[in-house]
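One-letter residues, chain by chain:
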Amino acid sequence: GAVVSQHPSWVICKSGTSVKIECRSLDFQATTMFWYRQFPKQSLMLMATSNEGSKATYEQGVEKDKFLINHASLTLSTLTVTSAHPEDSSFYICSAPKEVGQGYEQYFGPGTRLTVT
Amino acid sequence: SQQGEEDPQALSIQEGENATMNCSYKTSINNLQWYRQNSGRGLVHLILIRSNEREKHSGRLRVTLDTSKKSSSLLITASRAADTASYFCATANQAGTALIFGKGTTLSVSS
């Protein structure tokens, strides 16, 4: 199956700093990728859609200036959490759709655990 | 936004017993998927059922879909301690691209 990687797998940063998380599709190209956030003991919440060559689309309630998304190439999307605060501590997961037949199959990265102290 | 509810939120059973989890969704769908997530880890895709299917099997997993009730169930038979995890149903968003997840059921299987 297709592989999506994330880097780093975990990161600890100080309040007020920025953190960049990378999502890569290793063996297929993805013009679109998705970013999710998951708080402890909760479900995954879609944050935004990353679009190669155009601006990201954010879900309602997600601050686009706080969560900067750049789809640098057909295999790489980055999520930058700017001026991180403890409430941004969460598990961030990306996914990339791969065309399969007449539809798409989503491939998920292993996630990045962010802890803001 | 969340697509719907999973029921129950938490389930504790003994090894060998069957576990049934239910999922309800709000919009019309092309398919519904079930995922497993071990604590603090990534997602594992379990099974996909299309809107024109009523039941699907994969090993010890049995999924049903009732589009008239907008609900699905996941049955794990002869559960094992290794089945301990959170289980989520997911459907596509309106654009048909991203997946929207239910709230999940946390399953605990004790030996």
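Look a little higher up for the structure.
Draft legend 1. Structural view of the overall build of chain A. Counting its secondary structure elements, chain A contains 0 helices and 11 strands. Secondary structure of chain A in N-to-C order comes out as β-β-β-β-β-β-β-β-β-β-β. Computed over the C-alpha atoms, the radius of gyration of chain A is 14 Å, within 12% of the 13 Å expected from 2.2 N^0.38 for a compact globule of 117 residues. Taken over the C-alpha atoms alone, chain A extends approximately 45 × 25 × 20 Å along its principal axes. The burial tally for chain A puts 50% of its 117 residues in the buried class.

Draft legend 2. Quick look at the overall build of chain B. Summing up its helical and strand segments, chain B has 0 helices and 11 strands in all. Starting at the N terminus and walking to the C terminus, you meet the elements of chain B as β-β-β-β-β-β-β-β-β-β-β. For a compact globule of 111 residues, the expected C-alpha radius of gyration is about 13 Å, and chain B comes in at 13 Å, within 12% of that figure. Overall, the C-alpha framework of chain B stretches about 40 × 30 × 20 Å when taken along its three principal axes. Residue burial in chain B is summarised as follows: out of 111 residues, 45% are buried. Counting contacts in chain B only where the partners sit at least 6 residues apart, residues at least 24 apart contribute 52% of the total. When the accessible surface of chain B is summed, it comes to about 5500 Å², and 43% of that surface belongs to carbon and sulfur atoms. Both charge centroids of chain B, one from 12 positive and one from 9 negative side chains, sit 6 Å from each other.

Draft legend 3. Here's a closer look at the interface of chain B and chain A. Listed as interface residues are 17 residues of chain B and, on the opposing side, 15 residues of chain A. Summed over both partners, the interface of chain B with chain A comes to about 1300 Å²; 59% of that surface belongs to carbon and sulfur atoms. Run the count over chain B and chain A and you get 0 salt bridges. Put simply, chain B and chain A have 3 residue pairs in polar contact (both at pLDDT 80 or more) between them. Counting residues per element, the ones that place at least two in the side of chain B that touches chain A are strand E4 (31–37) and strand E10 (99–101) of chain B. In terms of residues, the side of chain B that touches chain A owes the most to one element, E10 of chain B, which gives 3 residues. Each residue belonging to the side of chain B that touches chain A can be placed in one class, and the counts come to 7 nonpolar, 8 polar and 2 charged.

Draft legend 4. Fine view of the layout of surface pockets. Taken as a whole, the largest pocket holds about 900 Å³ of empty space. If you trace the largest pocket, you find 34 residues lining it, with Asn31, Ala92, Asn93, Gly96 and Thr97 of chain B closest to the centre. Elements supplying a minimum of two residues to the lining of the largest pocket: strand E5 (44–51) and strand E10 (103–108) of chain A together with E4, strand E5 (43–50) and E10 of chain B. Take the lining of the largest pocket: its biggest share by element is 4 residues, from E10 of chain A. The residue inventory of the lining of the largest pocket, partitioned by class, reads 9 nonpolar, 21 polar and 4 charged.

Draft legend 5. Focus on the pairing of strand E4 (residues 32–38) of chain A. Residues and elements named next belong to chain A. For E4, a buried count of 7 out of 7 residues is recorded, marking the element as mostly surrounded by other parts of the structure. In E4, alternate side chains face the same way, and those of Thr32, Phe34, Tyr36 and Gln38 on one face and Met33, Trp35 and Arg37 on the other are all buried. Taken together, the 7 bridges between E4 and E5 define a ladder with antiparallel strand orientation. Bridged to Thr32 within E5 is Asn51.

Draft legend 6. Structural context of the nonpolar core. Counting 26 residues, the largest nonpolar core has Val4, Phe28, Trp35, Phe67, Leu79, Tyr92 and Leu114 of chain A as its most contacted members. Setting aside chain neighbours within four positions, we find Tyr92 of chain A in contact with Gln6, Ile21, Tyr36, Arg37, Met47, Phe67, Leu79, Gly111, Thr112 and Leu114 of chain A.

Draft legend 7. The arrangement of the side chain of Asp83 of chain B in detail. All names here are of chain B. Inspection of the secondary structure assignment puts Asp83 in the loop between strand E8 (71–76) and strand E9 (85–92). There is a polar contact of 2.9 Å between the side chain of Asp83 and the side chain of Arg60. Residues contacting Asp83, with those up to four places away along its chain left out, are Arg60, Ile76, Leu107 and Val109.

Draft legend 8. The pairing of strand E8 (residues 76–81) of chain A, seen in detail. All names here are of chain A. Counting buried positions along E8 yields 6 of 6 residues, so the element is predominantly enclosed. Here E8 shows no split at all, with Leu76, Thr78 and Thr80 on one side and Ser77, Leu79 and Val81 on the other all buried. Strand direction decides the pairing type here: strand E3 (residues 19–25) and E8, joined by 6 bridges, are antiparallel. Directly across from Lys20, in E8, lies its bridge partner Thr80. In this structure, the hairpin formed by strand E7 (residues 67–73) and E8 is closed by a connection of 2 residues.

Reading guide: rules and limits
- Numbering of residues starts from 1 in each chain and follows the order in which that chain's sequence is written.
- Chain A is the first chain written and ligand 1 is the first ligand written, with later ones labelled in order.
- Reporting of local features is limited, given that this is a predicted model, to residues whose pLDDT is at least 70; pairs of side-chain atoms are given and counted only at 80 or more, and all residues count toward the totals for whole chains, interfaces and linings.
- The basis for every side-chain value is the complete set of non-hydrogen atoms in the structure, without hydrogens or water.
- Think of it this way: any DSSP run of H or I at least four residues long counts as a helix, any run of E at least two long counts as a strand, and we number them from the N terminus.
- C-alpha atoms define the radius of gyration in this analysis, and the globule rule sets the expected value at 2.2 Å times the number of residues to the power 0.38.
- Categorising residues by exposure relies on relative accessible area from a 1.4 Å probe, with only protein chains included: less than 20% of the type maximum marks a residue as buried, more than 50% marks it as exposed, and the intermediate range marks it as partly exposed.
- Working rule for contacts: check all heavy atoms of both residues, and any pair within 4.5 Å makes them a contact.
- The protein chains shown are the only cover counted for residues, whose accessible areas, like all others here, come from Shrake-Rupley with a 1.4 Å probe.
- For the purpose of counting charges, residues Lys and Arg are taken to be positive, whereas Asp and Glu are taken to be negative. His and the chain ends are not included.
- Note on charges: their place is set at NZ of Lys, CZ of Arg, CG of Asp or CD of Glu.
- Two parts placed together each lose some accessible area under a 1.4 Å probe, and adding up what both lose gives the buried area.
- Counted as salt bridges are all cases of a side-chain nitrogen of Lys or Arg within 4 Å of a carboxyl oxygen of Asp or Glu.
- N or O atoms closer than or at 3.5 Å make up a polar contact, with two conditions inside protein: a donor-capable atom paired with an acceptor-capable one, and, for residues adjacent in sequence, both atoms drawn from side chains.
- In the scheme used here, Gly and all other residues not listed as nonpolar or charged are polar, with Ala, Val, Leu, Ile, Met, Phe, Trp, Tyr, Cys and Pro taken as nonpolar and Asp, Glu, Lys and Arg as charged.
- Put plainly, a pocket is an open set of points on a 1 Å grid over the protein atoms alone with protein on both sides within 12 Å along at least five of seven lines, a cavity is a set where a 1.4 Å probe fits but cannot get out, and a lining residue has an atom within 4 Å of a point.
- Grid points are joined across faces, edges and corners, and a volume is the space filled by probe spheres set on the points.
- Any two strands between which DSSP finds at least two bridges are classified as paired.
- By nonpolar core we mean a set of buried residues, namely Ala, Val, Leu, Ile, Met, Phe, Trp, Tyr and Cys, connected to one another through side-chain atoms within 4.5 Å.

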